[in-house]
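Given next are the chains, with one letter for each unit.
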Amino acid sequence: MARYPLPAIPSRLIEFEVADDLRRGAPVARVVRAAGEEVELGGVRHAGKAGEVRDVAADDVRWLVGVGQGTPADWRSAGAALVRAAAEGDRARTVQVDLGDAEADGDRLAALAAGVLLGGYRFKVSADGDKAGVRTVRVLAPSGTAVPDLTRVRELAGAAALARDLSNAPSNIKNPAWLAETAERVVADVPGLRATIRDEKWLAAQGFGGVLAVGGGSASPPRLIELSYRPRGASRHLLLVGKGITFDTGGLSIKPAEGMHLMRTDMAGGAAVIAATRAIAALRLGLRVSALVPAAENHVSGGSYRPGDVVRHYGGKTTEVSNTDAEGRMVLADALAYGIRRFRPDAVVDVATLTGAMKVALGLRTGALFASDDALAARVLAAGQAAGESWWRMPLLDDHVDAVRGELADVRQTPTGPGGITAALFLREFVDGLPWAHLDIAGPARADKSYAEVVPGATGFAARTLVELAASYAGQPPEAGE
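So, here's what we can say about the structure.

### Some thoughts on the sheet that holds strand β6 (residues 61-66)
One open sheet holds the 6 strands; their spatial order is β1-β8-β7-β2-β6-β5, and the pairing between them is mixed. Each edge of the open sheet carries a strand with a single partner, namely β1 (15-19) and β5 (53-58). Between one strand and the next, the sheet's axes are offset by a mean angle of 25°, whatever the strand orientation. Of the pairings in the sheet, the one linking strand β7 (residues 94-98) to strand β8 (residues 136-140) comprises 5 bridges and is parallel in character. Across the sheet, residue valine 97 finds its bridge partner in β8, namely valine 139. Packing against the sheet, helix α2 (residues 106-119) makes contact with β1 and β8, and its axis sits at approximately 150° to β1.

Put into structure tokens, the structure is as follows:
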């Protein structure tokens with residue numbers, strides 16, 4: 001890898017500016033809204049469909065870009081589509097946007113900026129280095145247009161981009177030690193945010209049996225990444241826990257070869273937690289946040305854990321193992337039990353690419369929300385709406401609780417019944433009755449094609465939702481973004 005270094009982490013984002021004039025020489029995109037009549041320019045007609053970009057060459061306008069009915073989602077799609085079109089075209093360094101007669105307020109400009117910043121994301125390990133074309137997008141805003149807090153927009157987009165960076169990094173580089181060291185580095189410059197890295201000796205001494213079992217088959221030992229943000233005067237305390245499986249072969253219950261290469265993103269939940277915690281601290285939100293990412297590789301060797309094993313987790317509860325490919329819940333159980341006992345938070349949220357069942361149930365663009373508390377569930381849904389991330393609340397069906405009970409141990413790792421629900425019920429056994437939400441992002445954590453502000457590869461899904469959730473606890477409730 002020495003000849004082909006990784007792209008910079010965190011990624012360099014496009015500059016987004018709001019200006020009162022246009023500069024000569026830089027190509028211009030004119031915004032078109034869906035108003036019932038098509039706009040014609042240079043012989044090209046555009047109906048204003050959101051995210052549709054038409055290449056023209058008339059009246060100093062290079063592109064027509066549609067914003068549909070003008071929802072924030074439409075503006076995000078427009079910004080993302082524009083930077084992608086510009087990158088594929090003449091690779092202009094600066095692109096300018098003329099809002100035309102589109103109604104643009106602060107919320108719409110913030111959505112446009114988010115689309116630009118994330119739609120222009122690129123992660124490629126290449127000998128050619130970074131060849132990204134667009135560096136700056138300047139928006140001509142009419143006098144009196146409300147300008148959004150671009151610092152906040154940039155931090156939110158930066159959280160999603162950092163989560164993408166961590167998830168996209170190849171697994172021959174990204175072992176648990178690398179993830180821990182990188183997390184420590186990227187938070188080092190944020191005031192008030194502290195990282196502590198726990199190694200395998202500490203994990204053994206503390207009784208993290210789930211993490212050690214999953215990581216036992218790898219030559220790269222596991223780590224626990226612990227982030228702490230404690231602003232003065234904070235009265236609320238949120239615990240975030242993210243699955244950090246840096247590569248997942250399935251262990252002895254090995255996965256099919258097809259698709260296994262995608263398992264470099266099996267730590268997307270942990271990436272979202274690291275990135276969100278960094279943004280929460282950078283924005284100086286007024287609540288305490290503790291974040292834990294149990295990081296391990298699930299490999300095959302003489303040290304691998306086995307179906308039929310009984311594993312003792314932090315705190316003493318035991319799990320009867322039946323499928324070593326259900327490793328995410330094993331490491332989350334340790335981290336949940338430890339975080340709750342050590343920090344005594346007001347609420348707990350875990351994030352994980354946990355079950356293929358949720359990909360079947362909700363597809364690839366919607367995250368699953370399980371919650372033991374209605375108020376917390378409502379906060380997560382509102383935060384997702386503000387962030388532009390789609391969530392669907394799933395039931396914690398008590399009819400399946402008995403299936404979680406073990407015969408050899410306290411609980412069964414892979415109970416019978418609906419996979420996503422029983423996995424959530426398993427995790428609930430380790431949250432000690434606190435308000436808790438489980439976010440299963442197995443579907444939306446990865447994308448195989450571009451849509452809206454998403455590009456192929458890791459999506460960074462859940463990072464922005466976690467930041468908006470924290471803002472709601474800090475007395476800064478998110479506004480609806482759809």
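So much for the structure itself; the text now carries on.
### Quick notes on the side chain of glutamate 297
Considering the arrangement of structural elements, one finds glutamate 297 in strand β13 (residues 288-298). Here glutamate 297 sits buried without a salt bridge, and the closest side chain of opposite charge, lysine 174, lies 9.1 Å off (N-O distance). Within the structure, the side chain of glutamate 297 is placed 2.6 Å from the side chain of serine 218, a separation counted as a polar contact. Polar side-chain contacts of glutamate 297 include one of 3.4 Å to the side chain of histidine 299. For glutamate 297, the contacting residues outside a window of four places in its chain are Ser171, Lys174, Asn175, Pro176, Val214, Gly215, Ser218, Ser220, Thr246 and Phe247.

### Quick notes on the packing of aromatic side chains
Enumeration over the complete set of coordinates arrives at 8 aromatic pairs. Each ring, one from tryptophan 202 and one from phenylalanine 208, has its centre 5.4 Å from the other, and the planes form 45°; the classification is tilted. The two residues tryptophan 202 and phenylalanine 208 agree in class, both being buried. Ring pairs connect the aromatic residues Trp202, Phe208, Tyr314, Tyr338 and Phe343, which therefore count as one cluster. Between the NZ or CZ atom of arginine 365 and the centre of the ring of tyrosine 451, over which it lies, the distance is 3.7 Å. In this structure, arginine 379 packs its charged tip against the face of tyrosine 473, placed 4.2 Å from the ring centre.

### Describing the pairing of β5
In terms of strand pairing, β5 meets β6 through 4 bridges, oriented antiparallel. In the sheet register, alanine 58 faces β6, and the bridge partner there is valine 61. Here β5 folds back onto β6, and the loop between the two strands holds 2 residues, one of which, aspartate 59, carries a positive phi near 55°.

Cut-offs used in this document
Residues numbered from 1 in each chain as written. Predicted model: local features only at pLDDT ≥ 70, side-chain atom pairs only at ≥ 80, totals over all residues. Heavy atoms only, no water. Pairing = 2+ DSSP bridges. Helix = DSSP H or I, 4+ residues; strand = E, 2+ residues; numbered from the N terminus. Axes fitted to C-alpha atoms, helices over the stretch in contact; angles between N-to-C directions. Contact = heavy atoms within 4.5 Å. Buried < 20%, exposed > 50% of the residue type's maximum accessible area, 1.4 Å probe, protein only. Lys, Arg positive; Asp, Glu negative; His and termini not counted. Salt bridge = Lys/Arg side-chain N within 4 Å of Asp/Glu carboxyl O. Polar contact = N/O pair within 3.5 Å; in protein donor to acceptor, adjacent residues only side chain to side chain. Phe/Tyr/Trp six-rings, centres within 6.5 Å; stacked < 30°, edge-to-face > 60°. Lys NZ or Arg CZ within 6 Å of the ring centre and 35° of its normal.

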